[in-house]
Every structure is written in C-alpha cells, then in structure tokens.
Amino acid sequence: MRKPFIAGNWKMNMLVDTGKGLVAQLKDRVRDVKGVEIAICPPAVLLPAICEEAKGSNIRVGAQNMYHENSGAFTGEVSGAMLKSIGCTYVILGHSERRHIFGEPDGLINAKVNAALAIGLKPILCVGEKLEQREAGRTEDVVGLQVVAGLYGVTAQQMEDVVIAYEPVWAIGTGKTATPSQAEEVHQLIRGLVTETYGEEVGQSLRIQYGGSVKPDNARGLLGLADIDGALVGGASLEAEPFSKIVMAAVE
Ligand code: 13P
C-alpha cells in the first residue's frame, strides 16, 4: 500500500514572515493527520526559517531545485549538501518551469537526481508534456523519455526514495486540470516504464503525484484513482485552508 503524499510547491512566493505564518497555521490544521505524508517546498532563502518552523511536526520540507556538485565555483547555485545540512527531506527536480523557462535539459536533471540520492535527499522528479505535444499525440513519447532519462543510473534500491510528479504543462497555473482519466492514463504509463526497468516490487511501491491546478474541489476525484498517489500543489498551497483541505482529501 502506497502512502499518499501531498506536497506544496510555493514557487517564487512568500517572504520569511508570511512563510513562517503559513507553516504555523498548517501545523495546527494537519497535526492529527496520519497516513498521509505532507511536505512544503519554499524558495531557497526561506528554507532555514521554514525548516526551523516545521521542526518536530508532521510537515517535511523540500527545496525547489539544487545543483549537482556539492561545492565549488558555481555562482548562484545551492548544493544538495547544503539543503541536507539544514534539514530538507525532499528536492523538486525537473519542474516544467526549470525545463522551459531556464532551459534545463534531461541530462542535467538526471545529474541532479543522482546527486540528490547520493547525499540522502529524496527527489521529486517532475515530468509532463506541453499542450502542442499532447495535441500531436506525443504525450507517451515525451513523458516516457523524461522518465527514462531522469532516472538513468538510479538503482532499484535508490528508487525507494524517488517520487515522480506528473505535471502536464498545459495544466500548470491555468486552472485547467487533466481529467482524472487523462491523469490516470499517464500515471499507468509511468508505473509501467518503472516496472519494466526495475521490476514489479519497485513499480508497485513508486509514488506518483499529479500536479497542475489541483484544488480542494478536484483533489478527491484525482486522488481516488489507483495510480495517483498524491499531489504536487502550486497555487493552492499558498494558503492554509485550501492546502489542508487537499491533505484531508488524501486522508479520505
Ligand atoms: P498549480 O497548482 O498552481 O497549477 O501549479 C502546479 C505546479 O506546478 C506544482 O509544482
């Protein structure tokens, strides 16, 4: 049985005081939640304050990106070792905004996935097709390649720490959600690919989140499906009420 996993991606939002305030409210609302893993992923400079605020609670903290070297002359970058040292558990890698705004290719994302695992961070590897790719019937090819390339060199044992998030680019921040059956179809494809490479046990234990305009009113329909094991939430994670409602949808 896979434990549902709800994560909030704050993207480039919040300041230290508003972020800490949000965590304080969330802690209150989800204190008694069991059987669902909860994480929030604030911008890098907020991470130390948010890790401190979340300490001792059932809310884990993740970063939104990292570089694959541990230290060195890489101006402006943050390493996995740094994230680990302040108490991060997760790191989002290959988010569509990293791929399409900042031009991150699969090879770089793969290096980051391997570096995260090596340092003991759990990667949330994001994959997803653009609208024109879906319309051209290329969803399977695009997502399949992102999964295979992103996981290159990852061992079956390391797969225990990997989460994949399927985020169709056309559904991110647009209010257009994939229908539960559209999402489920791609989730099955991803699980199938992982099963082919790593075997049944790894395939069945892999957690696959859906992301893209997840809100309290559509969460239950998505989370009810067999291969949808959680959500990566953007906009609706910026306030305590909608985010905790999505967490509650996963409890049910
Ligand atoms: P929205 O929930 O705002 O569509 O963002 C989804 C996302 O990109 C999460 O990583």
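Scoring rules and cut-offs
- Residues numbered from 1 in each chain as written.
- Predicted model: local features only at pLDDT ≥ 70, side-chain atom pairs only at ≥ 80, totals over all residues.
- Heavy atoms only, no water.
- Helix = DSSP H or I, 4+ residues; strand = E, 2+ residues; numbered from the N terminus.
- Rg over C-alpha atoms; globule rule 2.2 N^0.38 Å.
- Contact = heavy atoms within 4.5 Å.
- Areas by Shrake-Rupley, 256 points an atom, 1.4 Å probe, with all protein chains shown as cover.
- Lys, Arg positive; Asp, Glu negative; His and termini not counted.
- Charge placed at Lys NZ, Arg CZ, Asp CG, Glu CD.
- Pairing = 2+ DSSP bridges.
- Axes fitted to C-alpha atoms, helices over the stretch in contact; angles between N-to-C directions.
- Near = heavy atom within 4 Å.
- Polar contact = N/O pair within 3.5 Å; in protein donor to acceptor, adjacent residues only side chain to side chain.
- Nonpolar A, V, L, I, M, F, W, Y, C, P; charged D, E, K, R; others polar.
- Phe/Tyr/Trp six-rings, centres within 6.5 Å; stacked < 30°, edge-to-face > 60°.
- Buried < 20%, exposed > 50% of the residue type's maximum accessible area, 1.4 Å probe, protein only.
- Salt bridge = Lys/Arg side-chain N within 4 Å of Asp/Glu carboxyl O.

A. Summary view of the overall build of the chain. Scanning the chain from terminus to terminus reveals 11 helices and eight strands. In terms of C-alpha radius of gyration, the chain reaches 17 Å, essentially the compact-globule figure of 18 Å for 252 residues. Its C-alpha atoms put the chain at 45 × 45 × 35 Å along the principal axes. Relative to all contacts within the chain whose residues are 6 or more apart in sequence, the contacts with residues 24 or more apart total 72%. Of the roughly 11,300 Å² of accessible surface on the chain, 52% is carried by carbon and sulfur atoms. Here the chain contributes 24 positively and 30 negatively charged side chains, and the mean placements of these two sets differ by 6 Å.

B. Structural view of the sheet that holds strand β3 (residues 59-63). Ordered in space as β1-β2-β3-β4-β5-β6-β7-β8, the eight strands form a closed barrel in which the pairing is parallel. On average, each strand axis in the sheet is tilted by 25 degrees relative to the strand beside it, whichever way the strands run. With five bridges connecting them, strand β1 (residues 5-9) and strand β2 (residues 37-41) associate as parallel partners. Bridge pairing in β2 links Gly 8 to Ile 40.

C. Structural detail: the site of the ligand. If you check the shell around the ligand, you find Asn 9, Lys 11, His 95, Glu 167, Ala 171, Ile 172, Gly 173, Gly 212, Ser 213, Leu 232, Gly 234 and Gly 235 and nothing else. Here an oxygen atom of the ligand sits 2.8 Å away from a polar atom, N or O, in the side chain of Lys 11. Expressed as a share of its isolated accessible area of 310 Å², the protein-covered part of the ligand is 96%. Considered class by class, the residues forming the shell around the ligand number three nonpolar, seven polar and two charged.

D. Molecular detail of the packing of aromatic side chains. The tally for this structure, following the rule as stated, stands at three aromatic pairs. Seen from their ring centres, Tyr 67 and Phe 74 are 4.8 Å apart, and the 40 degrees between their planes marks the pair as tilted. By relative accessible area, which is 19% here, Tyr 67 ends up buried. Here Phe 74 falls in the partly exposed class, since its relative accessible area comes to 31%.

E. A look at the side chain of Arg 207. Tracing the sequence through the fold places Arg 207 in strand β7 (residues 207-211). For Arg 207, a relative accessible area of 13% corresponds to the buried category. Here Lys 3 takes part through its backbone oxygen, which lies 3.4 Å from a polar atom of the side chain of Arg 207. A distance of 2.9 Å separates polar atoms of two side chains, one belonging to Arg 207 and the other to Glu 37. The contact partners of Arg 207, leaving out residues within four places of it in the chain, are Arg 2, Lys 3, Pro 4, Phe 5, Glu 37, Tyr 90, Val 163, Ile 164 and Asp 229.

F. Layout of the pattern of salt bridges. For the coordinates displayed, the defined rule picks out 14 salt bridges. Where Glu 53 meets Lys 27, a salt bridge forms, and the shortest distance between an N and an O atom there is 3.5 Å. Of the two residues, Glu 53 is situated in helix α2 (residues 47-54) and Lys 27 in helix α1 (residues 16-30); the sequence distance between them amounts to 26 residues. Classification of Lys 27 as partly exposed rests on a relative accessible area of 22%. For Lys 245, the salt bridge is made with Glu 241, and the minimal N-O distance between the two is 2.8 Å. In this pair, Lys 245 and Glu 241 both sit in helix α11 (residues 240-251), four residues apart, roughly one turn of the helix. Taking the relative accessible area as the measure of exposure, Glu 241 reaches 41% and is therefore partly exposed. Among the charged side chains, a salt-bridge network with shared partners connects Arg 2, Arg 191, Asp 227 and Asp 229.

G. Spatial organisation of the side chain of Asp 227. Structurally, Asp 227 is set in the loop between α10 (216-223) and β8 (230-233). Polar side-chain contacts of Asp 227 include one of 2.5 Å to the side chain of Arg 191. Excluding residues that lie within four positions of it along the chain, Asp 227 makes contacts with Arg 2, Glu 184, His 187, Gln 188, Arg 191 and Ile 208.

Interpretation note: all reported values are geometric properties and have no functional meaning in isolation.
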